[in-house]
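Given next are the chains, with one letter for each unit.
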Amino acid sequence: MTVYYVNSATGANNNSGTSEDAPFASFWAVENLKLQPGDSVLLAAGSVYNDQLDLKYSGTASAPITIGSYGIGDAPVIHSPGDGIHSLYASNIIIENIKISDTGGAAIYGGYVSNWTVRNVEVDHTGLAGKSGSVTFRTGSNITIENSTINDVNGDGVWIEKINGVNLLNNTVTNAHGTTADAVQMNDSSNILISGNYLDQTGAISPKGVLALVRPVNAVIEDNTLVGGGFGVAAQAGTNIAIHDNDISGYGGYSWSYAVGLGDQGDTRDYDISGNYIHDGVWGVVVSSAGTTSYVREDIDVHSNVFDDLSQAALKVDRPASGAFHDNLIASDVTPYSISPAIIAANTFPVSNNTTLDEADALFVSLDSHAAGDAAHADTVPIIVAAHDSLKISADTDVAHHGNLLENDSSANGILLLRRFDGEVVGKNGLTLTGQYGSIHVDDHGDYSYTLDAAKLAGLTGDVSETFYYKISDGAAHHYDTDTLSISIDMDGVLT
């Protein structure tokens, strides 16, 4: 396992390259090596390379080949008239802690590869020769892109095609330009996790959208923020797709623009669309297709979402489909649904138990009055106590979902969804839990009410506590602090 050093300012290609004091000068020297599993190629901080780096050799699962950096200072930069880093048939590769900009082609291109990790990589202003996909992987398996930024590129920010096993985690992708450009596009891929990303097409010159998945199989899209574009998530023709707890907003520009769209380009089965905050756009969730296609669209469950500030309906279903639209919270000025008469007559997509914001507010006022007028408990210690800091709840951490009373809670940009209890939410302006059985005020942080489910609480006595762990945003871009929301219940004093 050898470490090779490259410094374009002080190195020489006739050096050994095996120490910081005798580095190589260019990629030419690296490409003339036969890299072995466990080897690393480290570029000097602050150095600049005006060439494409070709990776020809593979590591192993336990000893990958690493391309990274060394020294103190700015990340090393790769410029190239071609791709920044290019590879065919190489596997078990890590690329980290570098910058790639002003390339003619992709920042990173991998074809017929497996077990690649791209992390903490900055991509800017790439694809200048018109090649699409700043980070592109075609045909292979087990690709992870994490904690990286991709900005102001020509073509798709990320392009994935025919990959089994994709992890897109905690990245920022902004402004992918071009007539066919999305922030992220994945085609014919499977076992996908897209989580914790910030994808923003607000400033993009593109008629397309933010996240496009064509024929995905087994995909989870959760805890992302998606902004702008002609659409938020186009998850067409998929099987077993979960779209959970995302903030989708600012999409528009077309009469068909939607937050989540499915049902085109093939059969669509087993979708769970829940816990999303969908706002400031055109349509909400759209089940549709171009033309009069006869695709299968079945088992589409749309529930526990918040729809606000939409110019069209929260749900649109205009092609044959089976599923349900239930337990969502819909702003009073948003049309709840637009379903074709034939589908309504067939009753294959029932609508039930949806609530408007006005109804939720009215329920809170009623519960508040009920609690205030309960003389039997007027001078007692509150039976439900909730406490959190004044920062805005933004997203769950990996250790969320603790406890058994409020299992599967989630939050996104000020919206906390108590998804086990049919439609409870936290409002955009301060924390306001609304529910069936109880309510409480807490200091200056807003009005609280809290759902108690009689069946789930049956038989419990004494104090019952829940603590939820959240990632908290202080308003600064992409800066989060971890905090908690704690709730305790005196079961012997609960109002019924």
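In this convention, every chain numbers its residues from 1, walking through the sequence in written order. Side-chain atom pairs in this predicted model are given and counted only at pLDDT of 80 or more, local residue features only at pLDDT of at least 70, and totals for whole chains, interfaces and linings cover all residues. Based on all heavy atoms of the structure, the side-chain values leave hydrogens and waters out of the count.

The chain is annotated in an unreviewed UniProt entry as Right-handed parallel beta-helix repeat-containing protein from Rhizobium redzepovicii.

S.K.: For the overall build of the chain, give the residues involved together with the corresponding values.
M.R.: Within the chain one finds four helices and 44 strands. Per-residue accessibility, obtained with a 1.4 Å probe over protein chains only, is compared with the maximum for each type, and a residue is labelled buried under 20%, exposed over 50%, and partly exposed between these values. Buried positions account for 54% of the 496 residues belonging to the chain. In the chain, the proportion of contacts linking residues at least 24 apart, taken out of those at least 6 apart, comes to 62%. Comment: elements are numbered from the N terminus, with helices defined as DSSP H or I runs of at least four residues and strands as E runs of at least two. For this analysis, residues touch if any pair of their heavy atoms sits within 4.5 Å.

S.K.: Break down the packing of aromatic side chains for me, citing the residues and quoting the values.
M.R.: In this scheme Phe, Tyr and Trp rings, the latter by its six-membered ring, pair at centre separations within 6.5 Å, and the angle between planes marks the pair as stacked below 30 degrees, edge-to-face above 60, and tilted otherwise. One pass over the structure, following the stated rule, counts nine aromatic pairs. Both rings, one in W116 and one in F137, keep their centres 5.5 Å apart while their planes meet at 70°; by these two values the pair is edge-to-face. Note that W116 is positioned in strand 10 (residues 108-119) and F137 in strand 12 (residues 135-146), a separation of 21 residues in sequence. Judged on exposure class, the residue W116 and its partner F137 are both buried.

S.K.: Break down the environment of D21 for me, citing the residues and quoting the values.
M.R.: For D21, the position within the fold is in the loop between strand 1 (3-6) and helix 1 (27-31). Considering only alpha carbons, one finds D21 and Y5, 16 residues apart in sequence, at a separation of 8.8 Å.

S.K.: Report on the side chain of T174, specifying residues and quantitative values.
M.R.: You can see T174 is positioned in strand 15 (residues 172-177). Using a relative accessible area of 16% as the deciding quantity, one classes T174 as buried. We define a polar contact as two N or O atoms separated by no more than 3.5 Å, with the added condition that, inside protein, one atom must be a possible hydrogen donor and the other a possible acceptor, whereas residues neighbouring each other in sequence contribute only through side-chain atom pairs. There is a polar contact of 2.6 Å between the side chain of T174 and the side chain of N151. Leave out the neighbours within four places in its chain, and T174 touches I150, N151, D152, Y198, D200 and Q201.

S.K.: Residues and numbers for the side chain of S257, please.
M.R.: Tracing the chain through its elements places S257 in the loop between strand 24 (247-249) and strand 25 (258-262). A relative accessible area of 0% means that S257 is categorised as buried. A polar contact is formed between the side chain of S257 and the backbone oxygen of G230, at a distance of 2.8 Å. Ignoring anything within four residues of it in the chain, the contact list for S257 reads G230, Y251, G252, V282 and W283.

S.K.: Please give an account of unusual backbone geometry that cites residues and values.
M.R.: Keep in mind that most residues, glycine aside, have a negative phi and that most peptide bonds are trans. Positive phi, close to 55°, is recorded for N170, a residue that is not glycine. By the element assignment, N170 lies in the loop between strand 14 (158-169) and strand 15. Accessibility expressed as a relative area gives 40% for N170, which makes it partly exposed. Here the phi dihedral of D327 falls at roughly 55°; this positive angle occurs in a residue that is not glycine.

S.K.: Requested: an account of the pattern of salt bridges, with residues and values cited.
M.R.: Salt bridge, as used here: a side-chain nitrogen of Lys or Arg that lies within 4 Å of a carboxyl oxygen of Asp or Glu. If you walk through the whole model with that rule in mind, you get nine salt bridges. Each of D267, R269 and E298 takes part in a single network of salt bridges with overlapping partners.

S.K.: Tell me about the pairing of strand 7 (residues 85-88), and name the residues and values.
M.R.: A one-sided burial pattern is seen for strand 7, the buried positions being I85 and S87 and the unburied ones H86 and L88. Two strands pair when backbone bridges link them, and strand 7 and strand 10 are joined in this way by four bridges, in the parallel orientation. Bridge pairing in strand 10 links I85 to I108. One bridge is not enough; two strands pair if DSSP finds at least two bridges between them.

S.K.: Describe the confidence of the model for the chain, with residues and values.
M.R.: Per-residue confidence from the predictor is reported as pLDDT, a score between 0 and 100. Scored by pLDDT, the chain has a mean of 80; 71% of the residues are at 70 or more. Confidence over residues 374-453 falls short of pLDDT 50; this stretch has 218 contacts with residues more than four positions distant or in other chains. In the model, residues 467-484 has pLDDT below 50 throughout and makes 60 contacts with residues more than four positions away in sequence or in other chains.

S.K.: Describe the pairing of strand 22 (residues 231-236), with residues and values.
M.R.: A large share of strand 22 lies buried, amounting to six of its six residues. Summarising the sheet, strand 19 (residues 211-214) and strand 22 pair through four bridges and their orientation is parallel. Note that in strand 22 the partner of A212 across the bridge is A234. Relative to strand 25, strand 22 is paired through three bridges, and the arrangement is parallel. Residue pairing in the sheet places A234 in a bridge with G261 of strand 25.

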